[in-house]
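Descriptive analysis of the structure
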Amino acid sequence: PGGHGAEHVERVYAKVGWRIMPLLFICYMVAYLDRINIGYAQLQMKQTLPFGDAAYGLGAGIFFIGYLLFEVPSNLMLEKIGARKTLLRIMFCWGIVASAMMLVQTPMQFYVLRFLLGAFEAGFFPGIILYLTFWYPPARRGQMIAIFLSATTVMSMFAGPLCGAILKYMNGLNGWHGWQWLFLVQGLPASILGIVCYLYLQDKPEDARWLNPNEKQVLRDHLDHDQGLVAGAAHGSFWQALRDPQVYVLSLTYFMAIGGIYAMVFWVPTLIKSWGVNDLFMVGIYAAIPNIFGVIGMILIGRSSDRLKERRWHFVAVAMIAVVGLLIMTQMKGNLVGSLVGLSIGTIGVATLTPLFFTITSEYLSKAAA
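The present account deals with the structure reproduced in this document. (Residues numbered from 1 in each chain as written. Predicted model: local features only at pLDDT ≥ 70, side-chain atom pairs only at ≥ 80, totals over all residues. Heavy atoms only, no water.)

A word on the nonpolar core. Of all hydrophobic cores here, the largest spans 109 residues; its most connected members are Ile 20, Phe 124, Trp 135 and Phe 148. Looking at this core element by element, the count peaks at 17 residues for helix 1 (residues 6-36). Non-local contacts of Phe 124, meaning those with residues more than four positions away in its chain, are made with Cys 27, Tyr 28, Ala 31, Leu 87, Ile 90, Met 91, Trp 94 and Phe 148. (Core = buried A, V, L, I, M, F, W, Y, C linked by side-chain atoms within 4.5 Å. Buried < 20%, exposed > 50% of the residue type's maximum accessible area, 1.4 Å probe, protein only. Helix = DSSP H or I, 4+ residues; strand = E, 2+ residues; numbered from the N terminus. Contact = heavy atoms within 4.5 Å.)

Have a look at this one:
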């Protein structure tokens with residue numbers, strides 16, 4: 001659209017990508033780490049605090065009650081006040097709460113802080129998905145969403161060794177347990193990144209001083225042209241989206257997918273320990289292996305989906321890969337190598353489900369409804 005040369009258009013999108021994507025990627029890595037590090041911390045917390053698996057499971061889940069209650073209000077607020085202010089509010093507050101987890105002594109304190117962490121973090125992920133629609137048309141958005149979402153799998157590669165090393169080697173430093181250091185060291189970066197986002201990002205292309213008028217026009221032409229091609233553009237509001245049966249089908253699909261995803265996220269460290277690995281650092285190392293395969297699978301399958309402009313059958317295929325991998329793992333009866341093979345196959349499927357799913361939703365719904 002607009003008669004712009006293909007090479008020029010590619011240069012413009014490359015410029016946008018290198019400007020905004022690295023920071024968003026790092027932010028999501030930190031967000032994901034603060035969400036899942038409890039899976040590693042609880043291996044040591046249960047030895048030093050008066051609560052076990054049941055309290056841990058409840059606390060892990062309470063995070064999502066806060067998330068559920070505040071997710072939509074936070075996104076509606078982003079639409080009104082812009083991404084920079086929203087990210088500052090979200091990331092600064094959740095960094096403080098994530099660090100405060102080091103002070104937990106009772107189950108109730110654990111539940112309250114997990115709830116607050118969910119409430120503060122609620123708008124971050126859907127807000128970024130919405131933010132990307134302000135910069136990328138649907139034809140380019142799938143790969144950008146896949147790159148952004150691969151932050152979780154990349155962080156999962158590093159989370160295990162990082163958490164394991166802190167738990168093992170910082171335990172007892174300054175009289176604190178390793179799990180207390182874990183929450184402090186991994187929580188504070190979120191608050192710092194919130195300030196960086198506010199100072200560095202712009203809410204939309206028109207605000208970007210690093211784009212010249214011609215480059216802004218290229219983006220505007222593409223966004224205006226492709227927006228007309230989005231099938232669900234009639235979803236002009238939140239309430240219209242709520243009246244669409246397909247929204248509930250999508251919600252049910254994601255509900256079931258997330259069950260598999262978070263079963264793995266929160267319990268894989270415990271599973272690996274049950275396979276006979278007692279050294280906490282080695283638990284982290286083994287947890288990293290499946291995520292290496294997950295990153296590779298996510299990028300390759302995301303590219304295939306974009307190239308063929310096909311989403312549904314790709315989604316079905318990766319769901320089946322996830323099921324097969326998890327079934328293999330459950331049949332290995334504690335065999336470390338076989339269990340890791342099954343877990344690696346399952347992780348390829350699980351890691352790729354989310355970017356495919358959110359590409360589907362961002363193409364079906366208008367920006368406001370999404």
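We now examine the packing of helix 1 against helix 7 (residues 138-169). Axes are the key here: two packed helices are described by the angle between their axes and the distance separating the axes. Two elements in contact, helix 1 and helix 7, have axes whose closest approach is 8 Å; the angle formed by their N-to-C orientations is 35°. Of the two elements, helix 1 crosses helix 7, and the hand of that crossing is right-handed. (Axes fitted to C-alpha atoms, helices over the stretch in contact; angles between N-to-C directions. Left-handed = near helix turned anticlockwise from the far one by under 90°.)

Together, Ile 289, Ile 292, Phe 293, Ile 296 and Leu 300 make up a nonpolar patch on the protein surface, roughly 440 Å² of accessible area in all. Mapped onto the elements of the fold, Ile 289 is located in helix 12 (residues 280-308). (Patch = residues over 30% accessible without salt bridge, like charges linked within 9 Å, V, L, I, M, F, W, Y side chains within 5 Å. Areas by Shrake-Rupley, 256 points an atom, 1.4 Å probe, with all protein chains shown as cover. Salt bridge = Lys/Arg side-chain N within 4 Å of Asp/Glu carboxyl O.)

We now examine empty space enclosed by the protein. Sizing a probe to match a water molecule and rolling it over the atoms shows the empty space that remains. For the coordinates displayed, the defined rule picks out two cavities of 30 Å³ or more. Estimated volume of the largest cavity: approximately 50 Å³. As for the largest cavity, its lining consists of Gly 142, Gln 143, Ala 146, Gly 302, Ser 305, Asp 306, Arg 311, Pro 355, Leu 356 and Thr 359. Elements that contribute at least two residues to the lining of the largest cavity include exactly helix 7, helix 12 and helix 14 (336-364). The volume enclosed by the second largest cavity comes to roughly 30 Å³. Lining the second largest cavity we find Ile 38, Gln 42, Met 45, Lys 46, Phe 51, Tyr 56 and Phe 110. When residues of the lining of the second largest cavity are assigned to their parent elements, the largest contribution, four residues, is made by helix 2 (residues 38-48). (1 Å grid on protein atoms, 1.4 Å probe; cavity = no way out; pocket = protein on both sides within 12 Å on 5 of 7 lines; lining within 4 Å. Points joined across faces, edges and corners; volume = space filled by probe spheres on them.)

To continue, consider the pattern of salt bridges. Applying the stated criterion across every chain, the model contains nine salt bridges. In this structure, Arg 140 and Glu 10 form a salt bridge, with 2.7 Å as the shortest nitrogen-oxygen distance. Placement of the pair is Arg 140 in helix 7 and Glu 10 in helix 1, with a sequence separation of 130 residues. With its nearest N and O atoms 3.1 Å apart, the salt bridge here joins Lys 15 to Glu 215.

Take the side chain of His 314 next. Examined against the element boundaries, His 314 turns out to sit in helix 13 (residues 312-330). Of the residues examined, His 314 reaches a relative accessible area of 13% and is grouped as buried. In this structure the side chain of His 314 is engaged in a polar contact, spanning 2.8 Å, whose partner is the side chain of Ser 304. Beyond its immediate sequence surroundings of up to four residues, His 314 is in contact with Ile 301, Ser 304, Ser 305, Leu 308 and Leu 356. (Polar contact = N/O pair within 3.5 Å; in protein donor to acceptor, adjacent residues only side chain to side chain.)

On to the packing of aromatic side chains, then. Summed over all chains, the structure comprises 25 aromatic pairs. Judged by centre distance (5.6 Å) and plane angle (20°), the rings of Tyr 28 and Phe 125 are stacked. In this pair, Tyr 28 is assigned in helix 1 and Phe 125 in helix 6 (residues 124-133), connecting sequence segments 97 residues apart. Using a relative accessible area of 5% as the deciding quantity, one classes Tyr 28 as buried. Given the relative accessible area of 5%, Phe 125 is considered buried. When the centroid spacing of 4.6 Å and the interplanar angle of 15° are considered together, the rings of Tyr 28 and Phe 148 count as stacked. Separated by 120 residues along the polypeptide, Tyr 28 in helix 1 and Phe 148 in helix 7 bring together distant segments of the chain. Through a chain of ring-to-ring contacts, the aromatic side chains of Tyr 28, Trp 94, Phe 124, Phe 125, Phe 148, Tyr 254, Phe 315, Phe 357 and Phe 358 assemble into a single cluster. Directly above the ring of Tyr 200 sits Arg 19, whose terminal nitrogen or CZ lies 4.0 Å from the centroid. The side chain of Arg 84 reaches across the aromatic face of Tyr 198, ending 4.3 Å from its centre. (Phe/Tyr/Trp six-rings, centres within 6.5 Å; stacked < 30°, edge-to-face > 60°. Lys NZ or Arg CZ within 6 Å of the ring centre and 35° of its normal.)

None of this, on its own, says anything about what the molecule does.
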